[in-house]
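# Summary of the model geometry
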Amino acid sequence: MAQSPAPNPVRPAQSAPEATERVTRQGRSVVQQFYAVKIDSVWATFTPELRASLGSLAAFRAYREAGVREYGAETRVLSERLLEADGLRYYVRTAVFERHPGQAWSVIVGFDAKNRVAAFTILLAGELEEEEVRT
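These lines cover the structure that appears in this document, whether it is placed above or below. (Residues numbered from 1 in each chain as written. Predicted model: local features only at pLDDT ≥ 70, side-chain atom pairs only at ≥ 80, totals over all residues. Heavy atoms only, no water.)

Turning to the overall build of the protein, a few remarks are in order. When its secondary structure is counted, the protein shows four helices and five strands. Along the chain direction, N to C, the helices and strands of the protein fall in the order β-α-α-α-α-β-β-β-β. The buried share of the protein, reckoned over its 135 residues, is 39%. Contacts spanning at least 24 positions in sequence make up 53% of the contacts within the protein whose residues lie at least 6 apart. (Helix = DSSP H or I, 4+ residues; strand = E, 2+ residues; numbered from the N terminus. Buried < 20%, exposed > 50% of the residue type's maximum accessible area, 1.4 Å probe, protein only. Contact = heavy atoms within 4.5 Å.)

Bringing the packing of aromatic side chains into the picture now. Under the defined criterion, the tally for this structure stands at 12 aromatic pairs. Considering the side-chain rings of Phe 34 and Tyr 63, the 6.4 Å spacing of their centres and the 35 degrees angle between planes classify their relative orientation as tilted. Taken together, the residues Phe 34 in helix H1 (residues 17-35) and Tyr 63 in helix H4 (residues 57-71) connect sequence positions 29 residues apart. The exposure class assigned to Phe 34 is buried, which follows from its relative accessible area of 1%. Ring plane angle 70 degrees and centroid distance 5.3 Å describe the contact between Phe 46 and Phe 60, whose orientation is recorded as edge-to-face. On the criterion of sequence distance, the pair formed by Phe 46 in the loop between helix H2 (39-45) and helix H3 (48-54) and Phe 60 in helix H4 is long-range, its members being 14 residues apart. One exposure class covers both Phe 46 and Phe 60, and it is buried. It is Arg 64 that lies over the ring of Phe 34; its NZ or CZ is 4.7 Å from the centre. (Phe/Tyr/Trp six-rings, centres within 6.5 Å; stacked < 30°, edge-to-face > 60°. Lys NZ or Arg CZ within 6 Å of the ring centre and 35° of its normal.)

As a further point, take the pairing of strand S5 (residues 117-124). When strand S4 (residues 100-111) meets S5, the two strands line up antiparallel, connected through seven bridges. What sits directly across from Val 107, in S5, is Ile 122. The hairpin turn running from S4 into S5, its antiparallel successor, is five residues long, and Asn 115 in that turn takes a positive phi close to 65 degrees. (Pairing = 2+ DSSP bridges.)

Moving on to H4. For H4, built from 15 residues, the straight-helix expectation of 21 Å at 1.5 Å per residue is met to within 8% by its first-to-last C-alpha distance of 21 Å. Of the residues making up H4, those classed as buried are Phe 60, Arg 64 and Gly 67. Around the axis of H4, the buried residues are gathered within 55 degrees of arc, so they sit on the same side. Of the residues in H4, the exposed ones pointing more than 90 degrees away from the buried face are Ala 58 and Arg 69. In the stretch just after H4, Gly 72 is the one whose phi turns positive, near 75 degrees. (Expected span 1.5 Å × (residues − 1). Arc of directions from axis to C-beta.)

Rendered as structure tokens:
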């Protein structure tokens, strides 16, 4: 699956509590819709550039449906955090899934200044470094 370009090194998000809460809420919403295979709703939040990098709505839907078959449902959230890089605010949710309980995965959702999703990827949790988010 095509991924959006890697941002520069990141730092923990530090901003007003309202903005932090908004990004957390939005990030959770995107991830929950993605998990529920509400792909049209998720796709509608993506920037045109992100859509282009992902190919098509059909390809993104197939990606998610394959994930459901391979990994099953999320069974435990290990962490949620916010990061900032390259003008984006990232919501990072790390969790374990029913069919691979020994692996943790991070769903990374990056929001632009207009609160659109400008980055979206899923990585093994060990691939996510504090200094760098590869999306």
